[in-house]
Amino acid sequence: MRELVGQYLAQTISRRGFLDNMKAAGVTLAAAEGVLSSLNASAQTPSGPTFASTGAAASSTSVPAVRTFQGTGGACFAEQLMACGVKYVFGNSASEDAQFYDALVDRPKLNYILTPHEGPGAAMAAGYIKASQQPAIVMQAGSVGLMNAMGQIFNASKEQTPLVVYSYRTDQSKRAGRDGFEEIANQEQVVQPLTKYSWMARGSSMIAETVRHAFKSAWTPPHGPAYLTWHSDYTEEKTRTEIIDQSHFDTRMRVRPNPSEIEKAAQLLLDAKMPVLIVGDEIYKAKAVDKVVKLAEMLGMPVTQMRQMWSNFPEAHPLWVGNAPAGTLASITWPKNYDLAINIGNKMQHSGVAPMVARNIKFIDMRMDYQNMGKVMSTDVPLVGDVGLGLDDLIAAIEPLMNARLKTAAAQRATEVRRYTDNARRLVAGIVNNPEWNHAPLIADRVTWEVAQFADANAIVVHEAGSVAMHSFQFNPVGGRELFYYYGGHLGSGVGTAAGVKLARPSQQVICLVGDGSFLFGPHALWNMARLELPVITIVYNNHAYGGPHSRTVANAPSGRMIETGHFVGSYLGSPDMNMASIAQGFGVRAEVVKNPLELRQALARAKASTLEGKPYLLDVQVVRRGVGWTDEPWIPSNATIKAANNGAKLA
Ligand SMILES: Cc1ncc(C[n+]2csc(CCOP(=O)(O)OP(=O)(O)O)c2C)c(N)n1
Ligand SMILES: [Mg+2]
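For every chain, the first residue of the written sequence is number 1, and numbering continues from 1 onward in sequence order. As a convention, the first chain written is A and the first ligand written is 1, with the rest following in written order. Confidence filtering applies because this is a predicted model: local features only for residues at pLDDT of at least 70, side-chain atom pairs given and counted only at 80 or more, and all residues used for totals across whole chains, interfaces and linings.

A. Expanded view of the overall build of the chain. Numbered from the N terminus, helices here are DSSP runs of H or I no shorter than four residues, and strands are runs of E no shorter than two. When helices and strands are tallied, the chain shows 23 helices and 22 strands. Radius of gyration: C-alpha atoms only; globule rule: 2.2 Å multiplied by the number of residues to the exponent 0.38. Taken over the C-alpha trace, the chain has a radius of gyration of 28 Å; the compact-globule value for 652 residues is 26 Å, and the two agree within 12%. Taking the principal axes of its C-alpha atoms as reference, the chain extends roughly 90 × 85 × 55 Å. Working definition of a contact: two residues with C-beta atoms, positioned from the backbone, lying within 7 Å. Partitioning the contacts of the chain with sequence separation of at least 6, the portion at a separation of at least 24 is 75%.

Here it is as structure tokens:
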């Protein structure tokens, strides 16, 4: 009977058909008519999810996992999004999606968040997805909006974020191919290298299935972005389609590594004199930090991490020897005498010629990201699978083999590691003895230190602060402070990410640290923070410069003409100085400029008070420029020279 009700509500059987089928099932005509009248009444109840605009109706409590739906392509899109578990649509004005917007009006479970620029809008969606591990969709106007979202699709691809993006093709199916307004050929192929799945639906009846493919692809580990599109007339067209619940197309990729490889890995770890553990983002995603801590403690292994998005190990733990500064295992300060490395969940991004783990070191690799495994590093033991399950298995394999001799060896190693980490912590704490500590404008390290003193014990720090080094926060992904780093590197993500993170985690303090240059690529989500009352504290490290690129440029041409003349053409953002507090106020966010350490403390207190009222706050902190060749008033090209370059220009 449930199935019949579903079919009737989805209008795939008529009233007559419904009554006939009920009769065949042994229900009396009077009883069947009673059911019908209550169904008709519930389909018109304004409080329930009623889909009057499409003429179809269904109740979320009674909908079967696979059902037929009839309505406009836009309504099918909305229905399938809800069946995928989507609660938020991050969108920018897309007139051709009128029927989709129409379908949203009576579907209050699908919330549309208008983002005034596609880049920060997509960053906000990605931030929400990363912090909640829940699905969402980004949509924008055809090819024109897509171009702005692509930077964040790139970030999602690098960061393995399951970001699903849709935009219509402005060209309708009956006039496509004429190079019309906003038309580009093969629109879906523009993002192909950045996505796991990219497809154009070939008809309105294929919209729902294309949506499912996109979500399945994006959310099947290793995660990544997906893109979907179709001709805009399909969104208007009436069609009949299947809507399928996410639980019925999810591939449940929680797979365990090969058991015989687990045994090999256990034996190699026990045979090693100085094994090193490399951690990575798959641990955070699998919520397996406590397990990785247990493994490290069992073996007394030093733990490090190469560039990742999250912090995946408690930084205050005595076995944490710090991030590998140059992205290779060889760049860690200590230990140097390791004879085995095990990677658990790190993407191991190779940005240099040498393998990140030298060839003469035994290497065990555990992660779901099979594509990046065995690519550059020679791998003794590949452990493909979910790192949470893999850690369970590895720990279970090692535990019974830990005899008294091995336990003593592990304990001695742990003591040795601790000797190093205790000393390293003392050195980092010495940061406050910097002779420039009280400098105004502030040194970046002072800003970071003050914010670390101020931040809540479980604050989330979104870091897009250019070349600023993170320290003093003691990140701890198990109930402590969390880090969201800009791994992808397409700038302009920080403010949007912070807004999305706050939407996902309203009970945690969210602090966005952002460089002035990075901020200028995407401040727009400040408006979303103001409108939605997402009380994020944004702190701009304003050195009026692209400090990092400046230093890297100098390093690339150390004895060139730039150094000789002091003419650095591409890195000074002052003259006139930009006021980030005014920009924030323009978006409806309270803000102030901070010039010295005392003002910073007072401003942070005001920021906190504001966030307790539900209002976001921004501090534009004036920070010194550091690096070779900077002066108080850096050279800029003269206006006269620039304008003179055009003198005598004639149109041919
Ligand atoms: C969209 C985008 N454009 C350009 C770059 C190149 N880039 C890398 S760092 C940087 C400047 C960052 O400046 P800021 O945030 O002020 O940090 P600072 O270097 O001053 O510490 C630029 C432009 C980029 N990564 N992304
Ligand atoms: Mg800067």
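Read on for the rest.
B. The site of ligand 1, seen in detail. Taken together, 19 residues form the shell around ligand 1, and within it G466, G515, G517, G547 and G548 come nearest. Put simply, the parts of the chain that give the shell around ligand 1 at least two residues each are helix 17 (516-520) and helix 19 (547-556). Within the shell around ligand 1, the residues separate by chemical class into 6 nonpolar, 12 polar and 1 charged. Nearness here is judged by the C-beta atom: place it from the backbone, and if it falls within 6 Å of a molecule or strand, the residue counts as near that partner. Classification used: nonpolar for Ala, Val, Leu, Ile, Met, Phe, Trp, Tyr, Cys and Pro, charged for Asp, Glu, Lys and Arg, polar for all others including Gly.

C. Focus on the environment of G614. Residue position: G614 is located in the loop between helix 22 (597-612) and strand 22 (617-622). Sequence separation between G614 and P382 is 232 residues, and the spatial gap between their C-alpha atoms is 48 Å. With sequence-adjacent residues up to four places away left out, G614 is seen in contact with E533 and P535.

D. Molecular detail of the domain arrangement of the chain. Domain boundaries in the chain define domain 1 (1-43), domain 2 (45-51 + 63-248), domain 3 (259-428) and domain 4 (434-622). Once you take the C-alpha centre of each, domain 2 and domain 3 turn out to be 39 Å apart. Reported domain spans reflect what an automatic or database domain assignment gives.

E. Highlighting the pairing of strand 5 (residues 111-114). Inspection of the sheet shows strand 4 (residues 88-91) paired to strand 5 by 4 bridges, in the parallel sense. For G91, the partnering residue across the bridge sits in strand 5 and is L114. Assessed by its sense of winding, the connection that carries the chain from strand 4 through helix 5 (residues 98-105) to strand 5 is right-handed. Any two strands with at least two DSSP bridges between them are considered paired. Handedness of a crossover is defined as follows: orient the strands so they point away from the viewer, and if the path from the first strand over the helix to the second runs clockwise, the crossover is right-handed.

F. A look at the sheet that holds strand 12 (residues 303-305). Pairing within the open sheet is parallel, and its 6 strands lie in the order 13-12-11-14-15-16. The open sheet has two edge strands with one neighbour each: strand 13 (320-323) and strand 16 (381-384). Between one strand axis and the next, the sheet turns through 15 degrees on average, direction left out of account. Of the pairings in the sheet, the one linking strand 12 to strand 13 comprises 3 bridges and is parallel in character. If you follow V303 over to strand 13, its bridge partner there is W320. Contacts from helix 13 (residues 387-398) reach strand 14 (340-344), strand 15 (362-367) and strand 16 within the one sheet, and its direction differs from that of strand 15 by about 130 degrees. Orientation is described by axes fitted as lines to C-alpha atoms, over the contacting stretch for helices, and by angles from 0 to 180 degrees between their N-to-C directions.

G. Seen up close, helix 7 (residues 142-159). Here helix 7 contains 18 residues, and its C-alpha end-to-end distance of 25 Å stays within 8% of the 26 Å for a straight helix at 1.5 Å per residue. A149 marks the point of greatest bend in helix 7, at about 45 degrees. The first or second residue beyond helix 7 is Q160, which carries a positive phi of 55 degrees. One fewer than the residue count of a helix, multiplied by 1.5 Å, yields its expected span. The seven residues ending at a residue and the seven starting there each receive a fitted axis; the angle between those axes is the bend at that residue.

H. Representation of helix 12 (residues 289-299) within the structure. Three exposure classes are used, based on other C-beta atoms lying within 10 Å of a residue's own C-beta, which is placed from the backbone: buried for 20 or more, exposed for 12 or fewer, and partly exposed in between. Here helix 12 has its buried residues at V289, K291, V292, V293, A296 and L299. Phi for G300, located one or two positions after helix 12, is positive at around 60 degrees.

I. Just the packing of helix 15 (residues 444-454) against helix 22, in detail. Two numbers describe how helix 15 lies on helix 22: the axes approach to 11 Å, and their chain directions differ by 30 degrees. The handedness of the crossing between helix 15 and helix 22 is right-handed. Counted together, R446, V447, E450 and F454 of helix 15 and P597, L600, R601 and L604 of helix 22 form the full contact between these two elements. Its residues placed into classes, the contact of helix 15 with helix 22 shows 5 nonpolar, no polar and 3 charged. Left-handed describes a crossing whose near helix is turned anticlockwise from the far helix through less than a right angle; right-handed describes the clockwise counterpart.

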